[in-house]
Amino acid sequence: MGITLKNAAYIGGKWHESSSFGKTFPVYNPANNEVVGHLPYMGTQESISAIEAAANAFPQWSSLLPKDRGKYLRKMADVLTTHKDEVARVIVTEQGKILNEAKAEIGSSIAYLEWFSEEAKRIYGDIVPQTRPNQRLFTMRQPIGVVAAITPWNFPSSIIMRKLAPSLAAGCSIVIKPSEETPYTALAIAQIAEEAGIPPGVINIIFGDSKKIGNELCTSSKVKMLTFTGSTRVGKLLMAQCANTVKKVTLELGGNSPFIVFEDADIKKAITDLISSKLRNAGQTCICPNRIFLHKDISKEFIQELKLEINKIKIGTGLDDTSTMGPLINDAAVQKIKDLIQDSCKHKGEIIYESSWNAPRNGNFNPIVMLKNNQDNTLIEKTEIFGPVFSIFTFASEDEVIFKANNTNYGLSSYFYTNDKDRIWRVAEKLEYGMVGANNVILSSEVASFGGIKESGIGREGGKQGIFEYLEDKFIAMGF
Ligand code: ADP
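Owing to the predicted nature of the structure, the values given are computational and were not obtained by experimental measurement. (Residues numbered from 1 in each chain as written. Predicted model: local features only at pLDDT ≥ 70, side-chain atom pairs only at ≥ 80, totals over all residues. Heavy atoms only, no water.)

Participant: Teacher, can you tell me more about the overall build of the protein here?
Facilitator: Regarding its fold elements, the protein presents 14 helices and 20 strands. Its C-alpha atoms give the protein a radius of gyration of 23 Å, near enough to 23 Å, the size a compact globule of 480 residues would have. If one aligns the C-alpha atoms of the protein with their principal axes, the spans along those axes are about 70 × 65 × 40 Å. Counting across all 480 residues of the protein, residues that qualify as buried make up 55%. Of the roughly 19,800 Å² of accessible surface on the protein, a fraction of 52% belongs to carbon and sulfur atoms. (Helix = DSSP H or I, 4+ residues; strand = E, 2+ residues; numbered from the N terminus. Rg over C-alpha atoms; globule rule 2.2 N^0.38 Å. Buried < 20%, exposed > 50% of the residue type's maximum accessible area, 1.4 Å probe, protein only. Areas by Shrake-Rupley, 256 points an atom, 1.4 Å probe, with all protein chains shown as cover.)

This is the structure we're talking about:
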């Protein structure tokens, strides 16, 4: 069976086709703004049906032996491996990233499935030493119940997998609302799940009116947990909606990552890493460097070298294999970048580089821009840029840059470059972030926990912690 652009939602193992649904919405290709297809515009009623389907599937799925749930996930990983290239093309079509990045995203999706297929077997509890003679004490872990996942468009496969794989491994069923910008990738995942034999109702996928769907998912007492990745603004809103049912939430929200280059750093490595992280997905990742802090003694040399390297980037459509950077997701994203640059320039910011490009004019392409002299407390200093803009600040001392790096409500990822081993420990411990890259920009991996502090989120995904979020601890005190 091949993976198709499925024009349908997926509830209780059944496909709800656009053709038999009253209202539909279009999905666009960001590289040319052509319509990819139309999907059912769902709302409250369909959310109730999807929750019902997940609740009905839960008793049987959760009572499978953990190793058997693991086998299902392993099968999903194998099926996805078979269809890797097809799903990668779906990602490029609706999300815009270059094909190699889409393939890497599928690689990471497979890795999450494999990792959690193993973790299913390791849901250990504890035997606790008793406090009275005629007593024995235990804790066990049980699946939380129906999980709701609301996901964004920037990693339409791997962000879903970070939530789906641990949910299923823990014994939970799930209702997923992907972004309406990239629903076809979620539907490709549903096709993979179907081919792998995941029972009906264990995975459900709905989309359309995100406010109505979000409201139902957050307020339904049948949903026991919400896991969300997206903006801090929407995360706060959903968290508030979950309060009434005291629902567990995990949130992976925005970032404002500092990238610090000290005077003793390996400049070449720092530049290579900066470009790879900053321009991944055209700068549309929550962990990409947002504020670049250069020590004043090396800033001139660094900027010169950086320009030379950026000149090698080729902006173009994702399926053109000579492209090294694709378009932004939509017109609003392009406009937001323009506004941020304009505001920076109003406050002494200076454009020192703008790349030329000849990608299709009808797509949402954006040049790479480098700005220096950015000032504290300006929009560009406070906002998650989410685009290919290198926003440069300079600093004179370690204390000054640590203060500036931490002076934000965000706390997702941070990076610094130095060859001083004492400084590595000192700075890593002082940075107020969930994740720190010391001479390294690769932070996302199935084997380690991913997540933020402050207004960047609650909870962790991946690693040994990733499955715990979907489990409740139960304490059993036995007397005799
Ligand atoms: P992004 O800027 O990455 O699109 P958003 O937070 O706007 O971040 O979107 C992330 C996810 O949240 C998407 O699936 C989007 O449809 C959904 N979303 C946006 N607004 C709401 C809302 N009011 N209620 C529920 N979901 C929402």
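Continuing now.
Participant: Would you take a moment to explain the nonpolar core for this structure?
Facilitator: Soluble, globular proteins show a tendency: their nonpolar side chains are buried together. Among the nonpolar cores identified, the biggest contains 83 residues, and Met76, Leu113, Leu164, Leu168, Ile203, Ile205 and Leu226 are the most heavily contacted of them. Element by element, the count of residues in this core is highest for helix 6 (residues 183–195), at eight residues. Look past the residues within four positions of Leu164 in its chain and what remains in contact with it is Met76, Leu113, Ile174, Ile176, Ile189 and Ile203. Within the second largest apolar cluster, 50 residues are counted, among which are Ile287, Ala333, Val334 and Phe450. (Core = buried A, V, L, I, M, F, W, Y, C linked by side-chain atoms within 4.5 Å. Contact = heavy atoms within 4.5 Å.)

Participant: When you look at the pattern of salt bridges in this model, what are you seeing that I'm missing?
Facilitator: Inspection of every chain in the model, using the stated rule, returns 28 salt bridges. Measuring nitrogen to oxygen at the nearest pair gives 3.4 Å for the salt bridge that ties Arg122 to Glu119. Note that Lys314 and Asp320 form a salt bridge whose closest N and O atoms lie 3.6 Å from each other. By relative accessible area, Lys314 is classed as partly exposed at 34%. (Salt bridge = Lys/Arg side-chain N within 4 Å of Asp/Glu carboxyl O.)

Participant: What should I look at first to understand the side chain of Glu216 in this one?
Facilitator: Its location among the elements puts Glu216 in helix 7 (residues 210–219). Despite its burial, Glu216 pairs with no opposite charge, the nearest such side chain being Lys222 at 8.6 Å. Beyond its immediate stretch of four places on either side in the chain, Glu216 contacts Thr44, Ser47, Ile48 and Ile51. (Lys, Arg positive; Asp, Glu negative; His and termini not counted.)

Participant: How do you make sense of the packing of aromatic side chains when you look at a structure like this?
Facilitator: Between two aromatic rings, the relevant description is the distance of the centres plus the angle of the planes. In the structure shown here, the tally under the stated rule is ten aromatic pairs. Ring geometry for Phe25 versus Phe207: centroids 5.9 Å apart, planes at 70 degrees, classification edge-to-face. Here the residue Phe25 occupies a position in strand 3 (residues 24–28), and Phe207 occupies one in the loop between strand 9 (203–205) and helix 7, the gap between them amounting to 182 residues. Judged by relative accessible area, which is 9%, Phe25 ranks as buried. (Phe/Tyr/Trp six-rings, centres within 6.5 Å; stacked < 30°, edge-to-face > 60°.)

Participant: When you look at the sheet that holds strand 20 (residues 471–479) in this model, what are you seeing that I'm missing?
Facilitator: Hydrogen bonds along the backbone pair up the strands of a sheet, which may run parallel or antiparallel. With antiparallel pairing, three strands are arranged side by side in an open sheet as 5-6-20. Bordering the open sheet on either side are strand 5 (126–128) and strand 20, each of which pairs with just one other strand. The mean inter-strand angle of the sheet, taken between neighbouring strand axes irrespective of direction, is 25 degrees. Note: strand 5 against strand 6 (residues 135–143), three bridges, orientation antiparallel. Note that in strand 6 the partner of Asp126 across the bridge is Thr139. (Pairing = 2+ DSSP bridges. Axes fitted to C-alpha atoms, helices over the stretch in contact; angles between N-to-C directions.)

Participant: When you look at helix 13 (residues 398–406) in this model, what are you seeing that I'm missing?
Facilitator: Each full turn of the α-helix corresponds to 3.6 residues, which orients residues three or four apart in the same direction. All of the buried residues in helix 13 are Glu398, Val401, Ile402, Lys404, Ala405 and Asn406. Buried-residue contacts for helix 13 involve strand 12 (258–261), strand 13 (291–295), strand 16 (389–395) and helix 14 (421–430).

Participant: Looking at this structure, I do not really get empty space enclosed by the protein. What am I missing?
Facilitator: Using the criterion set out here, one finds two cavities of 30 Å³ or more in the structure. Reported here for the largest cavity is a volume of approximately 40 Å³. Around the largest cavity, the lining residues are Lys163, Thr227, Phe228, Thr250, Leu251, Glu252, Phe450, Gly451, Ile458, Gly459, Arg460 and Glu461. Looking at the lining of the largest cavity, the elements that each hand over two or more residues are strand 10 (223–229) and strand 11 (248–252). Ranked by residues supplied to the lining of the largest cavity, first place goes to strand 11 with three residues. Class assignment of the residues belonging to the lining of the largest cavity gives a composition of four nonpolar, four polar and four charged. Roughly 30 Å³ of internal volume is contained in the second largest cavity. The wall of the second largest cavity is formed by Tyr10, Ala193, Ile198, Pro199, Pro200, Gly201, Val202 and Ile203. Of the residues belonging to the lining of the second largest cavity, the class tally is seven nonpolar, one polar and no charged. (1 Å grid on protein atoms, 1.4 Å probe; cavity = no way out; pocket = protein on both sides within 12 Å on 5 of 7 lines; lining within 4 Å. Points joined across faces, edges and corners; volume = space filled by probe spheres on them. Nonpolar A, V, L, I, M, F, W, Y, C, P; charged D, E, K, R; others polar.)

Participant: Looking at this model, I keep getting lost on the layout of surface pockets. Mind explaining?
Facilitator: Any empty space left between atoms is shown by rolling a water-sized probe over those atoms. Computed from the structure, the largest pocket encloses a volume of approximately 1,100 Å³. Along its surface, the largest pocket is lined by 41 residues, and Trp153, Gly230, Ser231, Arg233 and Val234 are the ones closest to its centre. If you list the elements that add at least two residues to the lining of the largest pocket, you get helix 7, strand 10, helix 8 (232–242) and helix 11 (331–346). For the lining of the largest pocket, the leading source of residues is helix 8, giving six residues. For the lining of the largest pocket, the residue count by class is 17 nonpolar, 16 polar and eight charged. Estimates place the volume of the second largest pocket at around 460 Å³. Forming the walls of the second largest pocket are 23 residues, and the residues nearest its centre are Ser108, Phe155, Arg162, Arg280 and Ser444. For the lining of the second largest pocket, the secondary-structure elements that each account for two or more residues are helix 4 (99–119) and helix 5 (158–170). Counting residues per element, the lining of the second largest pocket draws most heavily on helix 4, at five residues.

Participant: Sorry if this is basic, but what is going on with the site of the ligand here?
Facilitator: The full set close to the ligand counts 18 residues, and Thr151, Trp153, Lys177, Glu180 and Ser231 are the nearest of them. A distance of 2.7 Å separates an oxygen atom of the ligand from a polar backbone atom of Thr151. With respect to the ligand, the side chain of Trp153 contributes an N or O atom lying 3.0 Å from an oxygen atom. Coverage of the ligand by the protein amounts to 80% of the 550 Å² it exposes when considered alone. At a threshold of 2 Å from the grid points, most atoms of the ligand map onto the largest pocket. For the shell around the ligand, the secondary-structure elements that each account for two or more residues are helix 7, strand 10 and helix 8. Class assignment of the residues belonging to the shell around the ligand gives a composition of eight nonpolar, seven polar and three charged. (Near = heavy atom within 4 Å. Polar contact = N/O pair within 3.5 Å; in protein donor to acceptor, adjacent residues only side chain to side chain. Sits in = over half its atoms within 2 Å of the grid points.)

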